[in-house]
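Report on the structure
Chain residues, written in single-letter form:
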Amino acid sequence: MRYVSTRGRAPVLGFEDTMLTGLARDGGLYVPEAVPVLSRADVAALAGLPYEEVAVRVMAPFVADAFDEATLADLVRDAYVGFGHEARAPLVQLAPNHFLLELFHGPTLAFKDFAMQLIGRMFDHVLRRRGERVTIVGATSGDTGSAAIEAFGGLDAADVFILYPHGRVSDVQRRQMTTPDAANVHALALTGHFDDCQARVKDMFNDFAFRDRTRLAGVNSINFARVLAQVVYYFTAATALGAPHRSVSFAVPTGNFGDVFAGHIAKRMGLPIETLVVATNRNDILHRCLTTGAYRVGEVEPTISPSMDIQVSSNFERALHLAYGGDGAAVAQLMEELRAEGGFTVSQGAAQALTETYASGRASEEETHAAIRDALHRTGEVLCPHSAVAYHVAQDHLGDAPMVTLATAHPAKFPDAVETATGRRPALPPRMADLFDRPERITRVDNDLTAIEAVVDRERAA
Ligand SMILES: *Cc1c(COP(=O)(O)O)cnc(C)c1O
């Protein structure tokens, strides 16, 4: 399969290079040139299969130039064997026509494990075959970093350095990054904010001498391989609820738009998805854009659902590319307006295309707390604040099609918000109960590029 940039001016690549490259050279994001379509019979045949089997059938056409089916099946099996639930992504019923898709049974208790566990193994496989080694750097506000450290820890082909803002991630998130003892993964506590972490990662990529010396690579959510791994659970959930004979809707807690865009790919592949509901917290740039057509950047406001606290939603560019019929020049123009003027307005045609697939809503902090309480009283389920945002927004979009709300993290990952809402402190699952007894390994770094690069060079050599 060939992958093209959303901005239309970067080399066309196969899957392997798309995965290793991450961001396209024209600043765009890679997308499949044409999305493969499964027949109705193919979709029907997925119902009731093990998660791993569905994953192979859904992903094989996208990755065929890099992995044959047997190899893909091995990688998929290894990726999910450590999950704490046999169904991997189990469905729980909340109301007659409303379901919860639990995506938090992976090793770091958030949905990012679905993609990260798989791409860690994909990277390792490809790099060994090439006889290469890379240095992966990333910035995290919590969940991505722990998922990357857990996924790449102990693999031969990569050193991993994750920058997180010192004192600004939850204790559970920090410990998930600082307690793994594999020698090739490193959590760096930066004196500063998440934005500083992100800026220093960007600086490292722009320091070409450093970038080439260390063979820098990225695994942030713009990597198409991550989006692809997330397409799978839309298929397992929808077929369990009657697809392809019945349409299904999804409510997705959204930040960088990677998760909900995976649903769009599933729809393009032939899965009958009625509506994808984009649920935001008070950082509602996506909700405003989908309802008014205007995408305007504001200040990031901290919330109790921190993994959705974004100013610019990077994967939204992929949805724009589809909405503009694959017109890379039009997308490049919008992104230039975003850079120069802090926003853009989508054309009428594109706005209409977006609303054919997406609906949206937002939840305030009070509404999020109320949703956690409400779900507990009505169903006995304890939701994390991100999942609660989607639960709240989903209420406005219930209809004939079954609604599936995505639960993106385990409530014990955000115990303070859950305790404030319900008076109960959620417990970690038993397999993680000793997290607070494990020794931590923390490297403090100043918000200074030279100092950070020195740490990376030193630890890589060690
Ligand atoms: C990352 C994250 C999100 C947002 O996902 P996107 O793909 O960035 O839209 C939502 N909830 C949790 C718990 C997350 O970690």
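Our subject is the structure that appears above.
Residues numbered from 1 in each chain as written. Predicted model: local features only at pLDDT ≥ 70, side-chain atom pairs only at ≥ 80, totals over all residues. Heavy atoms only, no water.

What follows is about helix 18 (residues 415-422). Within helix 18, burial applies to Pro415, Ala417, Val418 and Ala421. The buried side chains of helix 18 occupy one side of the element, clustering within an arc of 165° when seen end-on. Residues Asp416 and Thr420 are exposed on helix 18 and point more than 90 degrees away from its buried face. Of the residues flanking the end of helix 18, it is Gly423, one or two places downstream, whose phi is positive at about 80°. (Buried < 20%, exposed > 50% of the residue type's maximum accessible area, 1.4 Å probe, protein only. Helix = DSSP H or I, 4+ residues; strand = E, 2+ residues; numbered from the N terminus. Arc of directions from axis to C-beta.)

Let's shift gears to the site of the ligand. Near the ligand there are 15 residues, and of these Lys112, Asp143, Gly255, Asn256 and Thr408 occur at the shortest range. One nitrogen or oxygen atom from the main chain of Gly255 is found 2.8 Å from an oxygen atom belonging to the ligand. At a separation of 3.2 Å, an oxygen atom of the ligand approaches a polar backbone atom of Gly258. The fraction of the free accessible surface of the ligand (390 Å²) that becomes covered by protein chains is 96%. Tallied by class, residues from the shell around the ligand come to 5 nonpolar, 7 polar and 3 charged. (Near = heavy atom within 4 Å. Polar contact = N/O pair within 3.5 Å; in protein donor to acceptor, adjacent residues only side chain to side chain. Areas by Shrake-Rupley, 256 points an atom, 1.4 Å probe, with all protein chains shown as cover. Nonpolar A, V, L, I, M, F, W, Y, C, P; charged D, E, K, R; others polar.)

Attention now moves to the environment of Ala34. Tracing the backbone shows Ala34 in the loop between strand 2 (30-32) and helix 2 (40-44). Separated by 340 residues in the primary sequence, Ala34 and Asp374 place their C-alpha atoms 42 Å from one another.

The next subject is the side chain of Glu52. Note that Glu52 resides in helix 3 (residues 51-63). Leaving out residues up to four positions away in the same chain, Glu52 has contacts with Val76, Arg77, Tyr80 and Arg88. (Contact = heavy atoms within 4.5 Å.)

Attention now goes to the pattern of salt bridges. By the definition in use, this model includes 30 salt bridges. Across the pair Glu317 and Arg7 runs a salt bridge whose closest N-O atoms are separated by 2.8 Å. Of this pair, Glu317 sits in helix 13 (residues 316-323) while Arg7 sits in the loop between strand 1 (3-5) and helix 1 (15-21); the two residues are 310 residues apart in sequence, bridging distant segments of the chain. Both residues of the pair, Glu317 and Arg7, count as buried. A salt bridge links Arg213 to Asp457; the nearest nitrogen and oxygen atoms lie 2.8 Å apart. (Salt bridge = Lys/Arg side-chain N within 4 Å of Asp/Glu carboxyl O.)

Using the criterion set out here, one finds 17 aromatic pairs in the structure. Plain terms: the ring middles of Tyr51 and Tyr80 are 5.4 Å apart, the flat faces sit at 85° to each other, and that makes the pair edge-to-face. Of this pair, Tyr51 sits in helix 3 while Tyr80 sits in helix 4 (residues 69-80), and the two are 29 residues apart along the sequence. Tyr80 shares its class with Tyr51; the two are buried. Here Phe257 and Phe316 contribute two aromatic rings whose centre-to-centre distance is 5.1 Å and whose plane-to-plane angle is 75°, an arrangement assigned as edge-to-face. Taken together, the residues Phe257 in the loop between strand 9 (248-253) and helix 11 (258-268) and Phe316 in helix 13 connect sequence positions 59 residues apart. Residue class for Phe316 comes out buried when judged on its relative accessible area of 1%. Through a chain of ring-to-ring contacts, the aromatic side chains of Tyr51, Tyr80, Phe83, Phe114, Tyr233, Tyr234 and Phe250 assemble into a single cluster. (Phe/Tyr/Trp six-rings, centres within 6.5 Å; stacked < 30°, edge-to-face > 60°.)

By the secondary structure assignment, Pro429 is in the loop between helix 18 and strand 15 (443-445). In this structure, the C-alpha to C-alpha distance between Pro429 and His410, residues 19 residues apart in sequence, is 9.1 Å. When residues no more than four places from it in sequence are discounted, the contact partners of Pro429 are Leu109 and His410.

Another aspect to go through is the sheet that holds strand 10 (residues 273-280). Spatial strand order, 3-4-14-9-10-13: 6 strands in an open sheet with mixed pairing. Of all strands in the sheet, those bounded by a partner on one side alone are strand 3 (91-95) and strand 13 (358-362). Ignoring which end each strand starts from, the neighbouring axes of this sheet average 25° apart. As paired strands, strand 4 (residues 98-102) and strand 14 (residues 403-407) are joined by 5 bridges and run parallel to one another. By the bridge assignment for strand 14, Leu101 is matched with Leu406. (Pairing = 2+ DSSP bridges. Axes fitted to C-alpha atoms, helices over the stretch in contact; angles between N-to-C directions.)

Relative to each other, helix 8 (residues 194-206) and helix 19 (residues 449-461) sit at 70°, their axes nearing to 10 Å. With respect to their mutual orientation, helix 8 and helix 19 come out roughly perpendicular. Between helix 8, through Arg200, Asp203 and Met204, and helix 19, the contact on the second element is made entirely by Leu449, Ile452 and Glu453. Split by residue class, the contact of helix 8 with helix 19 holds 3 nonpolar, no polar and 3 charged. (Parallel < 35°, antiparallel > 145°, perpendicular 65-115°, else oblique.)

The next point concerns the sheet that holds strand 15. Strands in a sheet are paired, the pairing made by backbone hydrogen bonds, and the direction either parallel or antiparallel. Strands sit in the order 8-5-6-7-15 across an open sheet of 5 strands; the sheet is parallel. The two strands at the open ends of the sheet, each matched to only one other strand, are strand 8 (216-217) and strand 15. With 2 bridges connecting them, strand 5 (residues 134-139) and strand 8 associate as parallel partners. Bridge pairing in strand 8 places Ile136 opposite Ala217. Where helix 7 (residues 171-178) meets the sheet, it contacts strand 6 (158-165) and strand 7 (185-190), and its direction lies at approximately 155° from that of strand 6. Docked against the sheet, helix 8 engages strand 5, strand 6, strand 7 and strand 8, running at close to 150° with respect to strand 5.

On their own, these measurements won't tell you what the molecule is for.
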